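# Examining the three-dimensional arrangement
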Amino acid sequence: MILSLLFFTFSLAFYCITAVFYILYWLFKKRWIGQIATSMAYIALLSTTMILITRAGESGHAPFSNLYESMILFVWITNIGYLIMEHKYRYRVMGAFVMIIEVIAMLSTSLLPYRFKSVEPLNPALQSKWKWLVSLLEPVGMEKYAIGWLDFHVFTTFVGYAAFAISFGLSIMYLIKSRYESDGIRNILVERFPDSRILDELSYKSIAWGFPFLAVGIVSGAIWANNTWGAYWSWDPKETWSLITWFVYAAYLHARITRGWSGKRAAYLSIVGFLCVIFLYWGVSFILPGLHAYA
Amino acid sequence: MADRVGEVSVDVEGRWYRAIGSRIWALFNSLKLTIFVLISLALVSIIGTVIQQNQPVETYLSEYGERWTRIIFLLRLNDMYHSWWFLLLLTLLVLNVVVCTIERFPPKWKALLKENKGTAKPEIIERLSNKDVFTVDAQPAEVKARLLGIFKKRRYRVRTFEEKDGVSIYAWKGISGRFGADVTHVSLLVILLGAIIGNIYGYNDFRIVYEGGSMSVPQADFQLRLDRFWIDYYDTGQIKQYNSLLTVIEDGKEVFKKHIWVNEPLLYKGIRFYQSSYGMAWDRVKEAQVALKRKDREELDPPVTIKWGELKKIPDSEYSVRIVGYVADFAFDERTKTVFSKSADANNPALKVEVYRGDELVSTPWLFFKYPGLFSTIPDSGDDIVFTAFRPTLFSGISINKDPGTNIVWLGTGIMGLGFILAFFVHHRRVWVSVRDARNSSEIRIGGTVNKDRFTFEREFEELLKEIKATLPATGKGEVGR
């Protein structure tokens, strides 16, 4: 408990520093600042990994069973996703936008009331483990580390959320960039953005990861629900909102190939989609009561 | 043949209903309708998460008042995911998917079958966004061999065409990615089919069953017996798991036993049984303790534990006691003169016993757990029987669910997974190369295209060019050396 909270405090600081360096890089375009920013992002990633590991050690189960733990998972995957993208496409300016999202996520996690942060044993509904994995791990005495549909569900869902977060940042950049491009206004900071065509393409790429992962998350959640609640779909607020989000991104994917809907409108849909994700994730948990009362 | 086609089309345009038909067809063939329906579904679904679904009318009356309740029921907002207008939106989506698939799939299929025969004409290459023209120091035959090696290494499938002044190469991979959208769309239809089948042929039910008791199963020829219900706790005292041990009984014979818990249902003959809740029986106990209070004595005798229905002699006395009734929350209806339980909670537990003196039944009093000695229990003796403790009979709440559509839904999600892999991760890359003999060297005209993710393909194409130029020395370099 203490160790994971310590790593959390470190990580929060690291993400703030990382964001500051990415912003400085954006403002001054100095290569060495960019290199520091990237190294800081790796350090922050390492620190977040340590939160997850210590947390798993403290609780004795996969560290994604409540809002606090899942937020850390979200931050972790978003960071990995961003670093992969930076490594592949070499546009560091995007880091400023993604890392601001990370800092906001970390800050809101730190503001969660204590009862969300404490290590809790799993309640009856959350104990689902794959039998084949349990029997595989049993001979080596590690069956307590077996995971199940629920862990799979949370993990895949959060890969989706992370991808949508990145595409949200990129879509905002796209809208700014394309406005300046179409108005013909020159602004040195906006000119440092990648081309609007590239922003659009990367935003799509991000959603092209998020959309199937959200689908897998919904389906694995349905499999779990079918084993627990007795029905694969109950129109529970969380389920419904995940479907709403999925519809919005489905609309985005169709908009992109439709004349008159590609470009700006698609970018707006991507932003609306992420707002849905935020509501699905936080709004539903706090406002709408339902069966999905864990996170 | 061509003339007849012409006649038919004149006929089609001539009739007004055909014209409307083709308009409707065009509407369902449009992606704008898809976007409209998807956004509409997203928007209206919000309503169902704000207004509670499938509640009794009183809930809506107390929350929204009479006028709004009327509107809620008029628009079926109390069960909106099954309302006609929500189903209409889903139907629009289905028609949209079906028409789009009919319109787009066959021509795509035909075009791709034909594509293998396509030659790399310079005009085609000119139109591509990724292209290059350069001359290399090699004969077309050598160029061809090298290019085939490069394409093979990159896992392209290749077709070559010998021409009189050179050779053409067409290389492609990831053709299945073209069908990702179609596969995904079909999967959606399969999932909906499974949901419809589940809605028509499935049912949900709930039964409570006492430990040792049996329950009948609707629409089935077997019974379930609850052998045991128990709760596991963590060391901290928090509940870890609820468990029931169930036995399937068919034709009076035990078929098999299964330990179920919250994530582990019993599946038998397509019907699933879930651990859903538990509680204490309001009308029976497993066992109870009673104690004899002798005449003129303050203290009770040591208590005696009696099982439900068992006749037990109280030691060192002439009395025997049998438990014949129990209510958790005792109440008496003056009008019908019957005892009933006001609630299922043990607020006022009362035990009905038969008291025998020797073999003679002397009384059948109600004993009150909370009010010992309220009424005299053994008339004309001064002795009293006191109800001191009880062990409740537990029951297990079992949800019963039959949904023959479930496996179809899982099949659909499997197809959807395949569709996603094809749609998002398999890109149809096509490269055309035209190699022309230019005396001692060859002119290479190369162009490529991809159906999605152009950005990655641009880089791939550049790498491809780099590799070709590295393996085949360009004529320009030779001149510099001279």
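Thresholds, definitions, all that
Residues numbered from 1 in each chain as written. Chains lettered and ligands numbered in written order. Predicted model: local features only at pLDDT ≥ 70, side-chain atom pairs only at ≥ 80, totals over all residues. Heavy atoms only, no water. Helix = DSSP H or I, 4+ residues; strand = E, 2+ residues; numbered from the N terminus. Buried < 20%, exposed > 50% of the residue type's maximum accessible area, 1.4 Å probe, protein only. Contact = heavy atoms within 4.5 Å. Lys, Arg positive; Asp, Glu negative; His and termini not counted. Charge placed at Lys NZ, Arg CZ, Asp CG, Glu CD. Domains from an automatic or database assignment. Buried area = accessible area lost by both parts, 1.4 Å probe. Salt bridge = Lys/Arg side-chain N within 4 Å of Asp/Glu carboxyl O. Polar contact = N/O pair within 3.5 Å; in protein donor to acceptor, adjacent residues only side chain to side chain. Nonpolar A, V, L, I, M, F, W, Y, C, P; charged D, E, K, R; others polar. Pairing = 2+ DSSP bridges. Axes fitted to C-alpha atoms, helices over the stretch in contact; angles between N-to-C directions. 1 Å grid on protein atoms, 1.4 Å probe; cavity = no way out; pocket = protein on both sides within 12 Å on 5 of 7 lines; lining within 4 Å. Points joined across faces, edges and corners; volume = space filled by probe spheres on them. Patch = residues over 30% accessible without salt bridge, like charges linked within 9 Å, V, L, I, M, F, W, Y side chains within 5 Å. Areas by Shrake-Rupley, 256 points an atom, 1.4 Å probe, with all protein chains shown as cover. Phe/Tyr/Trp six-rings, centres within 6.5 Å; stacked < 30°, edge-to-face > 60°. Lys NZ or Arg CZ within 6 Å of the ring centre and 35° of its normal. Core = buried A, V, L, I, M, F, W, Y, C linked by side-chain atoms within 4.5 Å. Parallel < 35°, antiparallel > 145°, perpendicular 65-115°, else oblique. Left-handed = near helix turned anticlockwise from the far one by under 90°.

Moving on, we get to the overall build of chain A. Regarding its fold elements, chain A presents eleven helices and zero strands. Every one of the 295 residues in chain A was classed for burial, and the buried ones make up 59%. Sequence-distant contacts in chain A: of pairs separated by 6 or more residues, those separated by 24 or more amount to 74%. Each charge class in chain A was averaged separately, 23 positive and 16 negative side chains, and the resulting centres sit 9 Å apart.

Take the domain arrangement of chain A next. Accessible area lost upon the coming together of the parts serves often as the stated size of an interface. All names here are of chain A. You can read the domains of chain A as domain 1 (1-118) and domain 2 (149-295). A separation of 20 Å is found between the C-alpha centroids of domain 1 and domain 2. Both sides of the domain 1 and domain 2 interface together cover about 2500 Å² of buried area, and 83% of this is carbon and sulfur. It is L67, F74 and F97 in domain 1 that bury the most area against domain 2; as a group they hold 20% of the surface buried on that side. For the pair domain 1 and domain 2, the number of links is zero salt bridges. Between the two partners, domain 1 and domain 2, sit six residue pairs in polar contact (both at pLDDT 80 or more). For the side of domain 1 that touches domain 2, the elements supplying multiple residues, two or more each, are α1 (2-28), α3 (67-89) and α4 (93-110). Tallied by class, residues from the side of domain 1 that touches domain 2 come to 22 nonpolar, six polar and two charged.

Turning our eyes to something else, we now look at the sheet that holds strand β5 (residues 214-216) of chain B. Residues and elements named next belong to chain B. Taken together, four strands build an open sheet; the order of strands is β5-β6-β7-β8 and the sheet is antiparallel. A strand with exactly one partner marks an edge of an open sheet, and here the two such strands are β5 and β8 (253-261). Within the sheet, the average angular offset between the axes of one strand and its neighbour, ignoring direction, is 30°. Alignment of β5 against strand β6 (residues 223-233), held across three bridges, turns out to be antiparallel. Looking across to β6, one finds that S214 is bridged to R225.

The next thing to look at is empty space enclosed by the protein. Residue and element names in this part refer to chain B. Tallied over the full model, the rule gives three cavities of 30 Å³ or more. Here the second largest cavity defines a volume of roughly 80 Å³. Residue lining of the second largest cavity: 13 residues in total, with L367, F368, Y371, G373 and T377 positioned closest to the centre. Within the residue set of the lining of the second largest cavity, elements represented by two or more residues are β18 (366-368) and β19 (384-402). Tallying contributions element by element places β19 first for the lining of the second largest cavity, with four residues. In terms of residue class, the lining of the second largest cavity is made up of ten nonpolar, two polar and one charged.

Opposite the 49 residues of chain B that make contact, chain A presents 52 residues. In total, chain B and chain A occlude about 4300 Å² of area from one another, counting both sides; carbon and sulfur atoms represent 66% of this. Together, B:N263, B:F424 and B:F455 form the three largest contributors to the area buried by chain B at its contact with chain A, with a combined 16%. Here chain B and chain A share two salt bridges between them. Of the charged contacts in the structure, one is a salt bridge between A:R197 and B:E458, with a shortest N-O distance of 3.4 Å.

Right, let's talk about a nonpolar patch on the surface for a bit. Taken together, the side chains of B:W16, B:Y17, B:I20 and B:I24 define a hydrophobic patch exposed on the protein surface, amounting to about 460 Å² of accessible area. Looking at where B:W16 falls in the secondary structure, it is placed in helix α2 (residues 16-28).

Enumeration according to the criterion identifies 53 aromatic pairs over all chains in this entry. Between A:F158 and A:Y281 the ring centres are 5.0 Å apart and the planes differ by 75°, which places this aromatic pair in the edge-to-face class. Highlighted residues: A:F158 in helix α7 (residues 149-183) and A:Y281 in helix α11 (residues 264-286), separated in sequence by 123 residues. Given the relative accessible area of 6%, A:Y281 is considered buried. Members of the aromatic cluster, joined through ring pairs, are A:W209, A:F211, A:F213, A:W246, B:F420, B:F424 and B:F425. The positively charged end of A:R265 is found above the aromatic ring belonging to A:W261, 4.8 Å away from the centroid. Above the plane of the ring of B:W230 lies B:R228, whose end atom (NZ or CZ) is 4.1 Å from the centre.

Attention shifts here to the sheet that holds strand β2 (residues 157-163) of chain B. Across a sheet, strands are paired by hydrogen bonds formed along the backbone, either parallel or antiparallel in direction. Residues and elements named next belong to chain B. Pairing is antiparallel across the open sheet formed by five strands, whose spatial order is β1-β21-β20-β3-β2. Edge positions in the open sheet fall to β1 (130-136) and β2, since each of these has one partner strand only. Within the sheet, the average angular offset between the axes of one strand and its neighbour, ignoring direction, is 15°. Both β2 and strand β3 (residues 166-173) contribute to a ladder of seven bridges, which runs antiparallel. For T160, the partnering residue across the bridge sits in β3 and is I169. Packed on one face of the sheet, helix α10 (residues 454-471) meets β1, β20 (429-438) and β21 (441-450) and runs near 165° to β21.

A few words on the pattern of salt bridges. All names here are of chain B. Overall, the coordinates contain 32 salt bridges over all chains when judged by the stated rule. The partner of E467 in a salt bridge is K153, and the shortest N-O contact between them spans 2.4 Å. Note that E467 is positioned in helix α10 and K153 in helix α7 (residues 140-153), a separation of 314 residues in sequence. The network of salt bridges with common partners includes R225, D227, E254 and K257.

One finds A:Y82, A:F211 and A:W246 to be the most contacted residues of the largest nonpolar core, which totals 116 residues. Those residues in contact with A:Y82 that sit more than four places away from it in its chain are A:Y22, A:Y91, A:R92, A:M94, A:G95, A:V98, A:M99 and A:I166. One finds B:F151, B:I169, B:F461 and B:L472 within the second-largest nonpolar core, a separate group that totals 23 residues.

To continue, consider the packing of α4(A) against α7(A). Residues and elements named next belong to chain A. Close contact between α4 and α7 brings their axes to 9 Å; oriented N to C, the two are set at 125°. For the element pair α4 / α7, the angle class is oblique. As for the relative orientation of α4 and α7, their crossing is right-handed in sense. Between α4 and α7, the residues in contact are V93, M94, F97, V98 and I101 and A165, I166, F168, G169, L170, I172 and M173, respectively.

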